[in-house]
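Inside the fold
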Amino acid sequence: MLIGAVWWLIPRVNSDIQDQLMDKRVIFLPAARQIKRALAVGGLCLMLGACATTGQGEGEEGRAETGQGQSEAMLHIATAERLVDVGEYESALEEYLAAANKSSDPEIARMVTRLAGQLENWPAAITAAERWIELDEDADSAHHVRIIARVNLAQTEQAVDAITSWLDREASADSPRWWRRAAMLLAATRDDETARAVFEQLVEQRGEAAPAGEVAHAESILLWRQGDRARSLERALQAANTSGQVDHLIWAAQLAADSDDLERALSLYRQAREDSADDVSLALSEAEVLRQLDRDEESIELLRSLPADSETLYTLGIYLVQLDREAEAEAVWQRMRELPEPNRRDGHVFLVAQLAELVGRDEAALEFYELVDDPARLQEAKLRRAVILGRLGRISDGRSLLAELREDDEEGLALDTWLIEAEMLRSNGRPAEAVSLLAKPLADNPGSTDLLYARALSAASAGNVDLAEQDLRRIIQMEGGNAMALNALGYTLTDQTDRHQEAYRLIQRALELDPDDPATLDSMGWVLYRLGRGEEAVDYLRRALEGDENPEIMAHLIEVLDHIGRNEEAGELAARAISDYPEDEYLRETLERLGRLP
């Protein structure tokens, strides 16, 4: 089975743990080709010129001195710009450093510090950062760069001095904030070993003052960001057991859940809730762990016990949809749309629209998406409207909305709009038009695997096997482990050619990469059937159907059962399939061909 475009999947309420943590900041971009764009060096001269020509409340002698310094700085910057133009970045950096030393403007020092970091010239970064601090002692970013550069140069003692002096400016070591800021900053460095050595010295010097469990908690954060998840969880559990603080318990629970230790995560969340019984977010986290443990009724019961607001009802509705309890999910949606104003949370209208989609109320979803006025959700709401319009067969309206989004493209959604429009055409029986449509974005993005896959699907639907194979093989060439492309090519060759042995090998590779994928299991069953191995095919098709009750998989299994003489089973499945999916064209065509359409 081909895996179609997935543009109507709804984002999950419960974020992955990475979304709940501050991402490890990429402070420097080491690609030299980005330097000129990032610096906007021409703007330095303009800025310096403005500084040189405007007095800033100084005396005549001060202004003359400042003007002379700015003029000298401009000369250094002009030289640096010429060096940048010919790719002599290190020499340019020397000129920029000289400019920063001549200029009294901290903005110049800031931009030079950034350039030094981009070049990973850590000694220069320290020099520039210290000049920046000299001009603006409160510039936290300057302190950050100096500390990071010291760590990256393995200057442990200097890094310890720099980080303690910075941390002591706003807090003391008896504050959780002191330790957590230290961990977050050290985690942004490149030298994990030195970062840990610095942290150990901080503990040696100030650890006795730290609140209970705080050192272990901060170290857990550092280890997590360095990728040592096992030790991070170990230290998080130590912090939670030592202090019993809610934030320590929550962090340990998150790490345990991320490590698939769900029973421990559940215990930790429940322990945290003992001290924060009214914290709805904690209850939602507990409900999610229960769901992952397949303790669905407990999860639903917990959600029903919470105060009814936008988030709790939406989460309850999502879980009920996943359990195929559609009538209950729709009742929750009705409650959600009628919530009184005080119970509505940010993004309420958008969530109502999403849940409407999931319970099959497309017209209502369309109305609610049109009501979204939150700038952060507006573009996504328009995308959803376009998807629904396509699903409702209102192709022209949907395409107009997508064209409007492409014209604005405030959030870089152009690629998504092309993909949605192509799928809209393909799924409405116009695959050749979808192929033509994708020519333009592919010309602009020839290496986009998403665009190549979308065109391959459309080409296969249009019967253009050569183009489908060309695009899928290109994806496989770029990404040898792309199971979806391997499966798609294998299925296309199975379904539309007699190259069944070749198709079998491709699907086998895809199945090795993703052994439980229902679409690939279906493809394996289908190619085995075409190879005359019907009994083996049934096993794969049943496994596929267990993972995804899809009418196309049902149609394949019915046909194979019919072919190998298991008529009673074929008849029972056919009756259930046509009852559940009476409008599915592929299913109806298969049953009609087999003489099993009622």
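This text gives an overview of the structure that appears in the document.

Analysis parameters
- Residues numbered from 1 in each chain as written.
- Predicted model: local features only at pLDDT ≥ 70, side-chain atom pairs only at ≥ 80, totals over all residues.
- Heavy atoms only, no water.
- Helix = DSSP H or I, 4+ residues; strand = E, 2+ residues; numbered from the N terminus.
- Buried < 20%, exposed > 50% of the residue type's maximum accessible area, 1.4 Å probe, protein only.
- Contact = heavy atoms within 4.5 Å.
- Areas by Shrake-Rupley, 256 points an atom, 1.4 Å probe, with all protein chains shown as cover.
- Phe/Tyr/Trp six-rings, centres within 6.5 Å; stacked < 30°, edge-to-face > 60°.
- 1 Å grid on protein atoms, 1.4 Å probe; cavity = no way out; pocket = protein on both sides within 12 Å on 5 of 7 lines; lining within 4 Å.
- Points joined across faces, edges and corners; volume = space filled by probe spheres on them.

A separate point is the overall build of the chain. Assigned secondary structure in the chain consists of 35 helices and zero strands. In the chain, buried positions account for 49% of the 598 residues. Long-range contacts, defined as pairs at least 24 residues apart, comprise 56% of the intrachain contacts of the chain with a sequence gap of at least 6. With an accessible surface of roughly 28,200 Å², the chain has 45% of that area assigned to carbon and sulfur atoms.

Note on aromatic pairs: each is described by the distance of the centres and the angle between the planes. Going through the model one piece at a time under the given rule, you end up with five aromatic pairs. Between Trp 179 and Phe 199 the ring centres are 6.1 Å apart and the planes differ by 70°, which places this aromatic pair in the edge-to-face class. Placement of the pair is Trp 179 in helix H10 (residues 176–187) and Phe 199 in helix H11 (residues 192–206), with a sequence separation of 20 residues. Each member of the pair Trp 179 and Phe 199 is classed as buried. Measuring from centroid to centroid gives 5.2 Å for Trp 526 and Tyr 529, while their planes differ by 35°, and the two rings are tilted.

Okay, the environment of Asp 498 next. Mapping Asp 498 onto the fold places it in the loop between helix H29 (483–496) and helix H30 (500–513). Each C-alpha atom of the pair Asp 498 and Arg 530 lies 8.8 Å from the other, and the pair is 32 residues apart in sequence.

Glancing now at empty space enclosed by the protein. Under the counting rule described, the total for this entry stands at one cavity of 30 Å³ or more. Volume-wise, the largest cavity comes out at about 40 Å³. Residue lining of the largest cavity: Arg 196, Phe 199, Glu 200, Glu 219, Leu 222 and Arg 231, and that is the complete set. The set of elements that each furnish at least two residues to the lining of the largest cavity consists of H11 and helix H12 (214–225). Ranked by the residues each element gives to the lining of the largest cavity, the list is headed by H11, at three residues.

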